[in-house]
Amino acid sequence: WIYDDEVKNIADLNGMAAGTVIDVVNPEGDAMGIGVLNRQASILIRRLAWLQSGSEVTQEMLRSRLRSAFARRDSLLGPAEAAYCRAVNGEQDGLPGIIVDRFGNAAVVIFESVGSVKLEYLVQEEVTRWIGKLQQLTIHRMSSKKEKWAQDGSEFTTSITRGDSQRVKILEHECSFEIDVLQGLTGHWNYGLES
């Protein structure tokens, strides 16, 4: 991440839309890669890992990163365990601001930045392709332009885009319990399991 107080020429970025892909250079002018800009947030730039300055960010490149993240979970955890995992973990998977939690045939997608929301349909398509018979899909979209996490979830708009219940049943070995997919934002991502 690059914070607003770390950017020398911040005024040059005024007027650029959230989600704009920009080159990142250090004060000496050396190329540092590329990132996704939100001029109104304190995290000004979310770096896109493994890309050089001037690289083109395409739908296919982002699709490939999603598929690679899913494949890593499958290969590391095995099919049964990968059914219940954090399938995409933002910057660690080269997808800043995007989190995908999988719960069997259900998924919760969190877009933590205004710019990442632009990828909603691509992410929905790939999650559906990976899971197959997706029964429930919940989307949390950052709507606060400043991307602050201090409003107990009200900085997000949320919708259940597939399925009709906010409760998802989890089966893990001999344990069975339900989670509330709408509670992740107010319960520090524990989906209401604190009790």
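So, here's what we can say about the structure. As the structure is a prediction and not an experimental result, all values here were calculated from the model.

Counting residues in hydrophobic clusters, the biggest one holds 27 residues, and the most contacted among them are Val-88, Ile-98, Val-100, Val-109, Val-123 and Val-127. Looking at this core, the elements that each hand over two or more residues are strand E3 (31-37), helix H1 (59-82), strand E5 (84-89), strand E6 (98-103), strand E7 (106-111), helix H2 (120-131) and strand E8 (136-142). Setting aside residues no more than four positions away along its own chain, Ile-98 makes contact with Val-88, Asn-89, Gly-90, Ile-110, Phe-111, Ser-116, Leu-119 and Val-123. Ile-99, Val-108, Ile-170 and Val-181 belong to the second largest nonpolar core, which has 11 residues in total.

This paragraph deals with the layout of surface pockets. Estimates place the volume of the largest pocket at around 420 Å³. No other element matches the 4 residues that strand E2 (residues 20-25) contributes to the lining of the largest pocket. Class assignment for the residues of the lining of the largest pocket results in 10 nonpolar, 2 polar and 4 charged. Surrounding the second largest pocket, 16 residues form its lining, Val-36, Val-57, Leu-62, Gly-115 and Leu-119 being those nearest its centre. Of the residues contributing to the lining of the second largest pocket, the split by class is 9 nonpolar, 6 polar and 1 charged.

This next bit is on the environment of Glu-60. Turning to its location among the elements, Glu-60 is positioned in helix H1. Of note is the side chain of Glu-60, whose polar atom sits 3.2 Å from the side chain of Arg-63.

On to H2, then. Each turn of an α-helix holds 3.6 residues, which means side chains three or four residues apart point in the same direction. Between the first and last C-alpha of H2 there are 16 Å, a value that for 12 residues agrees with the 16 Å anticipated at 1.5 Å per step. Considered for burial, the residues of H2 that qualify are Glu-120, Leu-122, Val-123, Gln-124, Glu-126, Val-127, Trp-130 and Ile-131. One or two steps after H2, the chain reaches Gly-132, where phi turns positive at roughly 90°.

Attention now moves to unusual backbone geometry. Here the phi dihedral of Trp-50 falls at roughly 70°; this positive angle occurs in a residue that is not glycine. Summarising the element assignment, Trp-50 is placed in the loop between strand E4 (43-48) and H1. Overall, Trp-50 belongs to the exposed group, its relative accessible area being 62%.

This next bit is on the side chain of Arg-141. By secondary structure assignment, the location of Arg-141 is in strand E8. Here the side chain of Arg-141 touches Ser-159 through a polar contact of 2.8 Å, side chain to side chain. Not counting residues within four places of it along the chain, the set of residues in contact with Arg-141 comprises Phe-111, Val-117, Glu-120, Glu-155, Phe-156, Thr-157, Thr-158, Ser-159 and Thr-161.

What follows covers the sheet that holds E6. Judged by pairing direction, the sheet is mixed, and its 5 strands sit side by side in the order E5-E6-E7-E8-E9 without closing on themselves. Of all strands in the sheet, those bounded by a partner on one side alone are E5 and strand E9 (156-162). This sheet shows a mean twist of 15° between the axes of neighbouring strands, independent of strand direction. As judged from the 6 bridges shared by E6 and E7, these two strands associate in the antiparallel manner. The residue of E7 that forms the bridge with Phe-103 is Ala-106. Along the sheet, H2 makes contact with E5, E6, E7, E8 and E9, crossing E7 at roughly 155°.

Right, let's talk about the packing of aromatic side chains for a bit. For the structure on display, the rule yields 2 aromatic pairs. Ring centres 4.3 Å apart and planes at 5° place the aromatic pair Phe-70 and Trp-130 in the stacked group. Of this pair, Phe-70 sits in helix H1 while Trp-130 sits in helix H2; the two residues are 60 residues apart in sequence, bridging distant segments of the chain. Under the relative-accessibility criterion, Trp-130 is labelled buried at 13%. Over the ring of Trp-130 we find Arg-102, and its NZ or CZ is 4.6 Å from the ring centre.

To continue, consider the side chain of Arg-63. Positionally, Arg-63 belongs in helix H1. Apart from the residues lying within four places of it in its own chain, the contact partners of Arg-63 are Leu-122, Glu-125 and Glu-126.

So, how was this worked out
- Residues numbered from 1 in each chain as written.
- Predicted model: local features only at pLDDT ≥ 70, side-chain atom pairs only at ≥ 80, totals over all residues.
- Heavy atoms only, no water.
- Core = buried A, V, L, I, M, F, W, Y, C linked by side-chain atoms within 4.5 Å.
- Buried < 20%, exposed > 50% of the residue type's maximum accessible area, 1.4 Å probe, protein only.
- Helix = DSSP H or I, 4+ residues; strand = E, 2+ residues; numbered from the N terminus.
- Contact = heavy atoms within 4.5 Å.
- 1 Å grid on protein atoms, 1.4 Å probe; cavity = no way out; pocket = protein on both sides within 12 Å on 5 of 7 lines; lining within 4 Å.
- Points joined across faces, edges and corners; volume = space filled by probe spheres on them.
- Nonpolar A, V, L, I, M, F, W, Y, C, P; charged D, E, K, R; others polar.
- Polar contact = N/O pair within 3.5 Å; in protein donor to acceptor, adjacent residues only side chain to side chain.
- Expected span 1.5 Å × (residues − 1).
- Pairing = 2+ DSSP bridges.
- Axes fitted to C-alpha atoms, helices over the stretch in contact; angles between N-to-C directions.
- Phe/Tyr/Trp six-rings, centres within 6.5 Å; stacked < 30°, edge-to-face > 60°.
- Lys NZ or Arg CZ within 6 Å of the ring centre and 35° of its normal.

Scope: geometric values only; no functional claims are made or implied.
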